[in-house]
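Structural overview for review
Okay, here's what each chain looks like letter by letter:
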Amino acid sequence: MKAAVIVFPGSNCDRDLAVAFRAAGFETTMVWHKDGALPEGVDVVGVPGGFSYGDYLRCGAIAAQSPVMQAVSAHAGRGGYVLGICNGFQVLCETRLLPGALMRNAGLKFVCKMQRLSVGTADSAFTAGYAAGQEVVYPIAHHDGNYVADAQTLAALEAEDRIAFRYIGNPNGAMGDIAGILSPNRRVLGLMPHPERVIDAGQGGTDGAVMFRTLAEALVAA
């Protein structure tokens, strides 16, 4: 199993994500944003959290234009797996691999805390290790995590069972309490909370380890 973690100027969770993939058994490569291609045979691409390009224009907007994102989009188009966390979720929305946008938190403040979540669906390789409705706790750390989308998009996400996680006690004003969503083929996941920060008891929890382990199991079984 091979994972690639994209590194942008301003990424600050790229190594955390690589550690999480490696702990689940992935051979993991760091890929610089100016690279025009992914390593051969990559199964899953991780787009990490941080502040790509300093978020100087709009969160994820500049990163979405990086050469490597064309390769990531092509990978997703072939049915490859993509996981975007926090700023990575913003990048995936700006790249249009996922619908909607992440706006400034409703309280206009950066939020950083352990956050209770409800698993929205177990029907994906990322969430198959959980039960729908199960409560998990992941850290959050963001200033622009307020998920917004038009009514048609929100209805489609609901009807197609593509809401991966919801907040319990909405910390940022996100529509529908949405914390993470899936692509139509369920192989691209974007979420604001950080599963890679809870893969070891020493970090204060292991709820996130389930995501990486079940993704690995899905790829082994494929």
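Structure's up top.
An account of the accompanying structure is given in this report.

**Focus on the packing of aromatic side chains**
- Counted by the stated rule, this structure contains six aromatic pairs.
- Summarising the aromatic geometry, the rings of F21 and F26 are spaced 5.3 Å apart at their centres and angled 70° between planes, so their arrangement reads as edge-to-face.
- Given a relative accessible area of 0%, F21 falls into the buried group.
- Looking at F26, the relative accessible area reads 4%, which means it is buried.
- Taken together, a centroid distance of 5.3 Å and an interplanar angle of 90° make the contact between F21 and F212 edge-to-face.

**Notes on helix α3 (residues 87-94)**
- Counting buried residues in α3 gives seven out of eight residues, a clear majority hidden from the surface.
- Every buried residue of α3 is listed here: N87, G88, F89, Q90, V91, L92 and C93.
- A positive phi of about 70° marks R96, the residue just after α3.

**Things to note about the nonpolar core**
- By size, the foremost hydrophobic cluster in this structure holds 68 residues, and its most contacted members are F21, L83, Y138, Y147, F165, M211 and L215.
- The greatest single-element share of this core, amounting to seven residues, is contributed by helix α5 (residues 209-221).

**Remarks on the sheet that holds strand β9 (residues 163-167)**
- Read across the sheet, nine strands follow the order β2-β1-β3-β4-β11-β10-β9-β6-β7 without closing on themselves; strand pairing throughout is mixed. Each edge of the open sheet carries a strand with a single partner, namely β2 (27-32) and β7 (135-142). Direction aside, neighbouring strands of the sheet carry axes that sit 20° apart on average.
- Against the sheet, helix α1 (residues 14-23) contacts β1 (2-7), β2, β3 (44-47) and β4 (81-85), and its axis sits at roughly 175° relative to β1.
- Where helix α2 (residues 67-77) meets the sheet, it contacts β1, β2, β3, β4 and β11 (188-191), and its direction lies at approximately 130° from that of β4.

**Focus on α2**
- Among all positions in α2, only V68, M69, A71, V72, H75 and A76 are buried. Buried residues of α2, viewed axially, fall in a sector of 155°; they line one side. Exposed side of α2, more than 90 degrees from the buried face: Q70 and G77 are the residues found there.
- Contacts from the buried residues of α2 go to β1, β2, β3, β4, α3 and β11.
- Of the residues one or two after α2, G79 is the one with positive phi, at around 95°.

Calculation notes
Residues numbered from 1 in each chain as written. Predicted model: local features only at pLDDT ≥ 70, side-chain atom pairs only at ≥ 80, totals over all residues. Heavy atoms only, no water. Phe/Tyr/Trp six-rings, centres within 6.5 Å; stacked < 30°, edge-to-face > 60°. Buried < 20%, exposed > 50% of the residue type's maximum accessible area, 1.4 Å probe, protein only. Helix = DSSP H or I, 4+ residues; strand = E, 2+ residues; numbered from the N terminus. Core = buried A, V, L, I, M, F, W, Y, C linked by side-chain atoms within 4.5 Å. Pairing = 2+ DSSP bridges. Axes fitted to C-alpha atoms, helices over the stretch in contact; angles between N-to-C directions. Contact = heavy atoms within 4.5 Å. Arc of directions from axis to C-beta.

Nothing here speaks to function; it is geometry throughout.
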